[in-house]
Amino acid sequence: MIVKADDTLNEQILDYLDEEKAMNLFIIGDIENFGYDTDFQDIWVDLGEQGEIRGILLRYFGNYLPYAKEEINAEGFSEIIKGGPPLEMLSGKKEIVEQFQSIFSFTSKKELYFAELEEGDFSMKGLGRDDLTYATVNDVDDIIEMHNSIKEFQRRESARESLIQTLTTKTGRTYFIKKDGRMVASAATTAENSRSAMVVGVCSHVDYRQQGLASRCTAVLCEDVLNEGKSLCLFYNNPRAGSIYKRIGFMDIGMWSMYS
């Protein structure tokens, strides 16, 4: 039986999600930040005969994120999706999202490695952190300018507004290094919640690469987040980038799929 969730199910839902807290950081974060009573977000749960949770579906605007331990009620949740705001993206753990492939006509598919860090090797901290700066909203334009100079980065029109919201609401943080009067490297988190955080925006300016600047930003960022009792996770599709993260201590825990 699929029901729309409210506060009475909150503890049960979070206990269910906690078993894979990294994979579920988006759902956990959205529940913690926005709850069960907004016009842009809904959470549905599939309950068994004994009231146990068998699956969850989050809607955030037109983005839908399903989760279950193994099998999910794809047909039942698909009816919920079809009756809601138009589907823009379906994303989540690969094994779960692919169960919806035969129901919807997706035109785009992307798969990424999903890695988690629960403890790390921070020998790089010996390089110092004196030149690292914790970003505020006053640094947003410099961050966007650096990102726009990097061809590998995908540029979204809403990037500036999204970064401002992240820094303002403290659902993410950015550490950066400046040299010669301009920003040359950074690493950031987003979707931070009480349990975990997603690492994003790891980059260095093309003129300052091969100096370990982005790696140092990432190591310091991860050390600070871990010291707060949280784990970290990230997506990557470049094996070279993956090897850098694994030197810090990240371990692959699965694949993440995004269908649209």
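As a starting point, this report considers the structure included with it. All values derive from a computational prediction rather than experimental measurement.

Cut-offs applied
Residues numbered from 1 in each chain as written. Predicted model: local features only at pLDDT ≥ 70, side-chain atom pairs only at ≥ 80, totals over all residues. Heavy atoms only, no water. Buried < 20%, exposed > 50% of the residue type's maximum accessible area, 1.4 Å probe, protein only. Helix = DSSP H or I, 4+ residues; strand = E, 2+ residues; numbered from the N terminus. Pairing = 2+ DSSP bridges. Axes fitted to C-alpha atoms, helices over the stretch in contact; angles between N-to-C directions. Contact = heavy atoms within 4.5 Å. Core = buried A, V, L, I, M, F, W, Y, C linked by side-chain atoms within 4.5 Å. Parallel < 35°, antiparallel > 145°, perpendicular 65-115°, else oblique. Left-handed = near helix turned anticlockwise from the far one by under 90°. Nonpolar A, V, L, I, M, F, W, Y, C, P; charged D, E, K, R; others polar. Phe/Tyr/Trp six-rings, centres within 6.5 Å; stacked < 30°, edge-to-face > 60°. Lys NZ or Arg CZ within 6 Å of the ring centre and 35° of its normal. Salt bridge = Lys/Arg side-chain N within 4 Å of Asp/Glu carboxyl O.

Details of the pairing of strand 4 (residues 63-67)
Here comes step 1: Summarising burial for strand 4: four of the five residues are buried, a large majority.
Here comes step 2: Where strand 3 (residues 53-60) meets strand 4, five bridges bridge the pair, whose relative direction is antiparallel. When the bridges of strand 4 are listed, tyrosine 60 appears paired with asparagine 63.
Here comes step 3: Two successive antiparallel strands, strand 3 and strand 4, enclose a turn made up of two residues, where phenylalanine 61 displays a positive phi of approximately 55°.

Describing the sheet that holds strand 5 (residues 89-93)
Picture the strands of a sheet paired through backbone hydrogen bonds; they go either parallel or antiparallel.
Here comes step 1: Taken together, 12 strands build an open sheet; the order of strands is 1-2-3-4-5-12-6-11-10-9-8-7 and the sheet is mixed. In this open sheet, the two edge strands, each paired with only one partner strand, are strand 1 (2-4) and strand 7 (132-134). Adjacent strand axes in the sheet meet at a mean angle of 25° when their direction is disregarded.
Here comes step 2: By the bridge criterion, three bridges tie strand 1 to strand 2 (residues 41-47) in an arrangement that is antiparallel. Paired with isoleucine 2 across the bridge in strand 2 is aspartate 46.
Here comes step 3: Taken strand by strand, helix 2 (residues 25-34) contacts strand 2, strand 3, strand 4, strand 10 (196-204), strand 11 (231-236) and strand 12 (251-259), and its axis lies near 65° from that of strand 3.
Here comes step 4: Its contacts with the sheet place helix 3 (residues 74-82) against strand 1, strand 2, strand 3, strand 4 and strand 5, and it is angled at close to 20° to strand 3.

Some thoughts on the nonpolar core
Here comes step 1: Counting 68 residues, the largest nonpolar core has Ile13, Leu17 and Phe250 as its most contacted members.
Here comes step 2: Counting residues per element, this core draws most heavily on helix 7 (residues 213-227), at eight residues.
Here comes step 3: Residues Val140, Ile144, Leu163 and Met183 belong to the second largest nonpolar core, which totals 11 residues.

Some details on the packing of helix 5 (residues 140-148) against helix 6 (residues 159-169)
Here comes step 1: The contact between helix 5 and helix 6 brings their axes to 10 Å, and the two run at 135°. Considered as vectors, helix 5 and helix 6 are oriented oblique to each other. Classified by chirality, the crossing of helix 6 by helix 5 is right-handed. Mapping the contact onto sequence places Val140, Asp141, Ile143 and Ile144 in helix 5 and Ala159, Arg160, Leu163, Ile164 and Leu167 in helix 6.
Here comes step 2: Among the residues forming the contact of helix 5 with helix 6, the class breakdown is seven nonpolar, no polar and two charged.

Section: the packing of aromatic side chains
Geometrically, a pair of aromatic rings is defined through the distance of the ring centres and the angle of the planes.
Here comes step 1: All chains considered together, the criterion is met by 16 aromatic pairs.
Here comes step 2: Geometrically, the ring pair formed by tyrosine 16 and tyrosine 67 is edge-to-face, given 5.8 Å between the ring centres and 70° between the ring planes. Of this pair, tyrosine 16 sits in helix 1 (residues 10-18) while tyrosine 67 sits in strand 4, and the two are 51 residues apart along the sequence. With respect to burial, tyrosine 16 and tyrosine 67 carry one shared label: buried.
Here comes step 3: Through a chain of ring-to-ring contacts, three or more aromatic side chains come together here, namely Phe26, Phe114, Phe235 and Trp256.
Here comes step 4: If you follow lysine 69 out to its NZ or CZ, it ends over the ring of tyrosine 16, 4.0 Å from the centre.
Here comes step 5: Over the face of the ring belonging to phenylalanine 104 we find lysine 82, whose NZ or CZ atom lies 5.9 Å from the ring centre.

Some details on the pattern of salt bridges
A side chain with one charge may pair with a side chain of the opposite charge, provided their charged atoms come close.
Here comes step 1: For the structure on display, the rule yields 21 salt bridges.
Here comes step 2: Here arginine 59 ties to aspartate 42 by a salt bridge, and the two come within 2.9 Å at their closest N and O atoms. With arginine 59 in strand 3 and aspartate 42 in strand 2, the pair connects residues that are 17 residues apart, well separated along the chain.
Here comes step 3: A single network of salt bridges, built from pairs that share partners, joins Arg173, Glu192, Glu228 and Lys230.

Some thoughts on the environment of glycine 62
Here comes step 1: Counting through the fold element by element, glycine 62 comes out in the loop between strand 3 and strand 4.
Here comes step 2: In this structure, the C-alpha to C-alpha distance between glycine 62 and leucine 234, residues 172 residues apart in sequence, is 23 Å.
Here comes step 3: Excluding residues that lie within four positions of it along the chain, glycine 62 makes contacts with Pro86, Leu87, Glu88 and Met89.

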